[in-house]
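# Reading the structure
So you can see what is in the structure, the chains are spelled out below.
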Amino acid sequence: MPANPGDRYRLSAQAPLRRAEGLNVGATDSTPAPPRWRVWETVLIVVFVLLFAAVVVIGGGSLATRGQLALVALVPLVLVTALLTWIDRWAPPGWRYRWLALLWGAGVAASGAILVNSSLYQDLLLYRGSPEWAGTFAAVIIAPISEELFKGLGVVTVLVLARRQLTSTLSAVALAGLVGAGFAYVENLDYFWQAYQEGSTVFGFTVFARSVMSPFIHPMATSLTGLAVGSALLAGKGWFWRLPLGFVGAVAVHALWNGMAMLGAIWVLVYLVVELPLFIAWLTWLLVWSQRMARQIHLGLVPYVLTGWISPAEVALTVTPSGRRAARRWARKLKGRRPLRRLQRAVGRLGMDQQVMSRRGPNLDKIEQDRQHLAEVARLRAELKQLELAQ
């Protein structure tokens, strides 16, 4: 019998069992230090913040007014970010990649699209001499292509950088949605500023339309690019057909929305008949996918429970709503919410990786990462235990 119940979870005690399964597990219980910010991440963050600030400040108007409009535009951004984060709560990449996604959308994608859209609009105006025709063509054809291209470049960049922490296509879809949410935030600032100058009625309707009726249009469109890139990264193949297919889907959804906005008064009816059901279908798809992922993680953790590396309680606090709620209450009392979140994330990744490898075969890189996740679980388990004993 072990000296205490915690010993049976130690990596060193379980090494013989895992060697019997063909894994090269060392007899050490040491844990690598938590990942630190790297130079490229700091540089990207600074660049994106500067670009975002430039987009906001150059937009015109007094700084106080722009600040107030920025707070109004923050409401749909927080809503969308919270929803996408909740959907991808089982085994998400680190927060650094979510921030990169948001800032790419609000900085690089927004500034690049503004430059391209305005330049090509001027070319169309000079070519045809009709502001109405140039505006319609730019909105329905040019804007969807240029905006999804710049957002798509961000999706590819963020997902390639996050590929070691990417355990599911759902996480890729959520990160892509965050790129779209960041872009929508800056676009809303521009729309709100224009509407603000036309009076309270126009301003109120614009805020309602952008914040309540269509806060998910950019995340929904760009999520299709994330679906393509994420599935290609996890499968290790299919780039040549997945990426164009995802990009075309994103452009089509975006163009549909912009085209409907050109219909005038009938737009509200078309929105209720076409766009609202599309939003509901997209959200339902993500919610069902999220619940299915929880079940997959649960199944993937079965081998870890049988070998004693993960306890049934740790499975429950990772993939069941009641277990997660109870764990949050417990962690609040201990002042250990951060280690709890890290523990849940590490356990979730273990289960998801197991399911992926059971379908696609062993992956040496994932096996090595899972050894690190197991070491992290042991460290975090001990940290939470120490907090509990200190109460």
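Because the structure is a prediction, the values reported are computed rather than measured.

On to the UniProt feature "transmembrane region" (unreviewed entry) in the protein chain. The sites that carry the UniProt feature "transmembrane region" (unreviewed entry) are, in the present numbering, residues 43–63, 69–87, 99–121, 133–162, 169–186, 216–236, 243–260 and 266–288. Taken end to end, residues 169–186 is 100% helix and 0% strand, and its two terminal C-alpha atoms sit 27 Å from one another. Secondary structure across residues 266–288 divides into 96% helix and 0% strand, with the first and last C-alpha atoms of the span separated by 33 Å.

This part is about the confidence of the model for the protein chain. Mean pLDDT over the protein chain: 84, with 84% of residues reaching 70 or higher. Here residues 1–35 scores under 50 on pLDDT; set against residues more than four positions off or in separate chains, the count is 45 contacts.

Our focus in this paragraph is a nonpolar patch on the surface. A cluster of nonpolar side chains, contributed by Leu-256, Leu-263, Ile-266, Val-268, Leu-269, Leu-272, Val-273 and Val-274, occupies part of the molecular surface with about 670 Å² of accessible area. If you tally residues by element for the nonpolar patch, the top one is helix α10 (residues 267–300), at five residues. With respect to the element layout, Val-273 can be found in helix α10.

Our focus in this paragraph is the packing of helix α9 (residues 239–261) against α10. The interhelical angle for the contact between α9 and α10, taken along N-to-C directions, is 165°, at an axis separation of 10 Å. Of the possible angle classes, the one that applies to α9 and α10 is roughly antiparallel. The element α9 and its partner α10 pack so that their crossing is left-handed. When α9 is examined against α10, the residues Leu-256, Trp-257, Met-260 and Ala-261 are found in contact with a partner set consisting of Trp-267, Val-270, Tyr-271, Val-274, Glu-275, Leu-278 and Phe-279. Residues belonging to the contact of α9 with α10 are distributed by class as follows: 10 nonpolar, no polar and one charged.

Reading the values: rules and limits
- Residues take numbers from 1 onward in each chain, read along the sequence in its written order.
- Restriction of local features to residues with pLDDT of at least 70 applies here, the model being predicted, together with a cutoff of 80 or more for giving and counting side-chain atom pairs; totals for whole chains, interfaces and linings are based on all residues.
- Only heavy atoms go into the side-chain values, all of them from the structure, while hydrogens and water stay out.
- UniProt positions are given in the numbering used here, feature names are shortened, and annotations may be inferred rather than shown by experiment.
- Helical segments are the DSSP runs of H or I of at least four residues, strand segments are the runs of E of at least two, and each set is numbered from the N terminus.
- One number per residue, pLDDT, summarises how confident the predictor is, and it ranges from 0 to 100.
- Residues are treated as being in contact if the distance between any of their heavy atoms lies within 4.5 Å.
- The patches reported here contain residues having more than 30% relative accessible area and no salt bridge. Joining distances are 9 Å for like charges and 5 Å for nonpolar side chains (Val, Leu, Ile, Met, Phe, Trp, Tyr).
- Where accessible areas are quoted, they stem from the Shrake-Rupley method and a 1.4 Å probe; at the residue level, only the protein chains shown are allowed to cover.
- For this document, the term salt bridge refers to a Lys or Arg side-chain nitrogen within 4 Å of an Asp or Glu carboxyl oxygen.
- Lines fitted to the C-alpha atoms define the axes, with helices restricted to the stretch that makes contact. Angles between their N-to-C directions range from 0 to 180 degrees.
- Geometric relationships in this document are graded by angle, where less than 35 degrees denotes roughly parallel, more than 145 denotes roughly antiparallel, 65 to 115 denotes roughly perpendicular, and other angles denote oblique.
- Handedness of a crossing is defined here by the sense of rotation of the near helix relative to the far one, left-handed for an anticlockwise turn of less than a right angle and right-handed for a clockwise turn.
- Amino acids are sorted into nonpolar (Ala, Val, Leu, Ile, Met, Phe, Trp, Tyr, Cys and Pro), charged (Asp, Glu, Lys and Arg) and polar (every other residue, Gly among them).

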